[in-house]
Amino acid sequence: MKIAILSCFYPYRGGISQFNACLYGELSKGNIVRAFNFKRQYPEFLFPGKTQFVTPDDEAVPVESISLLDTANPFTYHSTYRAIREWQPDVLIVRYWMSYFAPSLGYITRKMKKHCKVISILDNVIPHEPHFFDTPLTKYFLKGSDGSVTLCEAVSKDLLKIQPDSRYTVIQHPLYSHFGERKDRAEAERKLGLLPGKKNILFFGLIRTYKGLDILLEAFAKLPEDYQLIIAGEPYGSFEKYQQIIDRLPAGKHISMNLKYIKDSEVTDYFSAADVAVLPYRSATQSGISSVSYHFEVPMIVTDVGGLKETIGDRGTGLVAPEGTPEAIYSEIMRYFSDPSIRESCIAHIREEKERLSWKSFADKLLEFAGTL
């Protein structure tokens, strides 16, 4: 089968690009796959991070792709469509995570739908930080797909609100397994400059308002001195409001920060040092961070938003705070550390999930769904 994937690939960095690279690799084992990449993903003024691209020390594995689509240049929409059409794929897979991409991707999928099956993988239908134009743009995009893959039931519910007659399937986010094996905890702590003998709480990934780092900081202020908070990730926008909280915390000296994009070879250190990862999100669908936590067998504490309860709490791989408040997060952290059997149970369930959530399983289910369209 000839499969085209239109999305971001190397040299773009981040979770979406990593996901695409893993899917490309798995599908390529039994199919002819071609990656069609962005020439420009976002104009720089719309991108709040430091860079969209891998840097020499990121150690990202290159994926061969054809860079064609400039989302800010409508003239490239047709040329990208034409290139994909001339390759004559049997299936076109497109990733969709925010309405900014609807005009460009929707133009291409609507035209390609006449020539092959089009499947959209929906990270979000309603963005974490919504705007009034999200729904009409997403409706426009969805009409170009024969079917959609969602990564959790919460996204499926959002999909059906916008397009009630959607043909879709839910396939949970596979596990990232390219970060290597877990290290010795003491070695990881030494490398990160952490105080030994503490209860280590990890907040990992891009720092954005909806991810609730401020909620975790306020919860951390209530914890005893034998706790240590590790913050690792690049801020999207100003870090000032978080720094103001840290500056007034008596426990501020027990907070370790690395405020940059964490390259793949460094990820192992953070999860090897962690007792638990905390995702205090104000809104969510699924989380790629949970897939990394699964790989390193680190239990999670999450809030009851989006698909987090479904994919973590209901699976027994972590605890769910009933609301995104400092008090609720504090309570779940204390409960987790007060009973060693909770951690043991979470790790046992994570090991069960690791067997289920392989890239082979994801790719097989995706192609099985394509066969029904």
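These lines cover the structure that appears in this document, whether it is placed above or below. What you are looking at is a predicted structure, and each value in this text was computed from that prediction instead of being measured.

So, on to the overall build of the chain. When helices and strands are counted, the chain shows 14 helices and 13 strands. Here the chain has a C-alpha radius of gyration of 21 Å; the compact-globule value for 373 residues is 21 Å, and the two agree. In terms of its C-alpha atoms, the chain occupies a principal-axis envelope of roughly 60 × 40 × 40 Å. A burial count over the chain gives 56% of its 373 residues as buried. Put simply, of all contacts in the chain between residues at least 6 apart along the chain, 76% involve residues at least 24 apart. When the accessible surface of the chain is split by element, carbon and sulfur atoms take 52% of a total near 15600 Å².

So, on to unusual backbone geometry. Cis peptide bonds are those with omega within 30 degrees of zero, and the linkage from Tyr10 to Pro11 qualifies with 15°. With respect to the secondary-structure elements, Pro11 resides in the loop between strand E1 (2-6) and helix H1 (15-27). Although it is not a glycine, Gln88 sits at a positive phi angle of roughly 60°. A residue is classified by how much of its surface remains accessible, and Gln88, at 52% relative accessible area, is exposed.

Here the focus is the sheet that holds strand E2 (residues 32-40). In a beta sheet, neighbouring strands are held together by backbone hydrogen bonds and run either parallel or antiparallel to one another. In space, the seven strands of this open sheet follow the order E3-E2-E1-E4-E5-E6-E7, with parallel pairing throughout. For this open sheet the edge positions go to strand E3 (66-70) and strand E7 (168-170), each flanked by a neighbour on one side alone. Across the sheet, the mean angle from the axis of one strand to that of its neighbour is 25°, orientation sign disregarded. Pairing between strand E6 (residues 147-150) and E7: three bridges, direction parallel. Bridging from a neighbouring strand, Val149 pairs with Thr169 of E7. Set on the sheet, helix H2 (residues 75-87) makes contact with E1, E2, E3 and strand E4 (91-96); between it and E3 the angle comes to about 145°. Each of E1, E3, E4 and strand E5 (117-122) touches helix H3 (residues 102-112); the most contacted strand, E4, lies at about 165° to it.

For helix H12 (residues 326-338), built from 13 residues, the straight-helix expectation of 18 Å at 1.5 Å per residue is met to within 8% by its first-to-last C-alpha distance of 18 Å. Residues of H12 that are buried: Pro326, Ala328, Ile329, Glu332, Ile333, Tyr336 and Phe337. End-on, the buried residues of H12 take up no more than an arc of 165°, which puts them together on one face.

Between side chains of opposite charge, a pair can form as their charged atoms come close. Enumeration over the complete set of coordinates arrives at 20 salt bridges. Between Arg248 and Glu218 there is a salt bridge, with its nearest N and O atoms 2.6 Å apart. Of this pair, Arg248 sits in the loop between helix H8 (240-247) and strand E10 (255-258) while Glu218 is found in helix H7 (residues 213-220), placing the two residues 30 residues apart along the sequence. The partly exposed category is assigned to Glu218, whose relative accessible area is 25%.

It is worth spelling out the packing of H3 against helix H4 (residues 134-142) at this point. Contact pair H3 / H4: the axes reach a minimum separation of 8 Å and the direction vectors enclose 20°. By the angle class used here, H3 and H4 are roughly parallel. The two elements H3 and H4 cross, and the hand of that crossing is left-handed. Contacts between H3 and H4 pair Ala102, Pro103, Leu105, Gly106, Tyr107, Thr109 and Arg110 from the former with Leu137, Thr138, Tyr140 and Phe141 from the latter. Across the contact of H3 with H4, the residue classes break down as seven nonpolar, three polar and one charged.

Now for the sheet that holds strand E9 (residues 227-232). As summarised here, the arrangement of the six strands in space is E10-E9-E8-E11-E12-E13, forming an open sheet in which the pairing is parallel. For this open sheet the edge positions go to E10 and strand E13 (318-321), each flanked by a neighbour on one side alone. Within this sheet the neighbouring strands show an average axis-to-axis angle of 20°, counted without direction. Relative to strand E12 (residues 300-303), strand E11 (residues 276-279) runs parallel, the two sharing three bridges. Its bridge partner being in E12, Val278 is matched across the sheet by Ile301. Against the sheet, H7 makes contact with strand E8 (199-204), E9, E10 and E11, and its axis sits at roughly 165° relative to E9, the strand it touches most.

What follows covers the nonpolar core. One finds Leu23, Ile121, Phe204, Phe271 and Phe362 to be the most contacted residues of the largest nonpolar core, which totals 55 residues. The element best represented in this core is helix H14 (residues 359-370), accounting for six residues. Beyond its immediate sequence surroundings of up to four residues, Leu23 is in contact with Ile121, Trp359, Phe362, Ala363 and Leu366. Leu105, Val125, Phe141 and Val155 belong to the second largest nonpolar core, which has 33 residues in total.

Rules and cut-offs
- Residues numbered from 1 in each chain as written.
- Predicted model: local features only at pLDDT ≥ 70, side-chain atom pairs only at ≥ 80, totals over all residues.
- Heavy atoms only, no water.
- Helix = DSSP H or I, 4+ residues; strand = E, 2+ residues; numbered from the N terminus.
- Rg over C-alpha atoms; globule rule 2.2 N^0.38 Å.
- Buried < 20%, exposed > 50% of the residue type's maximum accessible area, 1.4 Å probe, protein only.
- Contact = heavy atoms within 4.5 Å.
- Areas by Shrake-Rupley, 256 points an atom, 1.4 Å probe, with all protein chains shown as cover.
- Pairing = 2+ DSSP bridges.
- Axes fitted to C-alpha atoms, helices over the stretch in contact; angles between N-to-C directions.
- Expected span 1.5 Å × (residues − 1).
- Arc of directions from axis to C-beta.
- Salt bridge = Lys/Arg side-chain N within 4 Å of Asp/Glu carboxyl O.
- Parallel < 35°, antiparallel > 145°, perpendicular 65-115°, else oblique.
- Left-handed = near helix turned anticlockwise from the far one by under 90°.
- Nonpolar A, V, L, I, M, F, W, Y, C, P; charged D, E, K, R; others polar.
- Core = buried A, V, L, I, M, F, W, Y, C linked by side-chain atoms within 4.5 Å.

Honestly, that's just the spatial picture; any functional story needs more than this.
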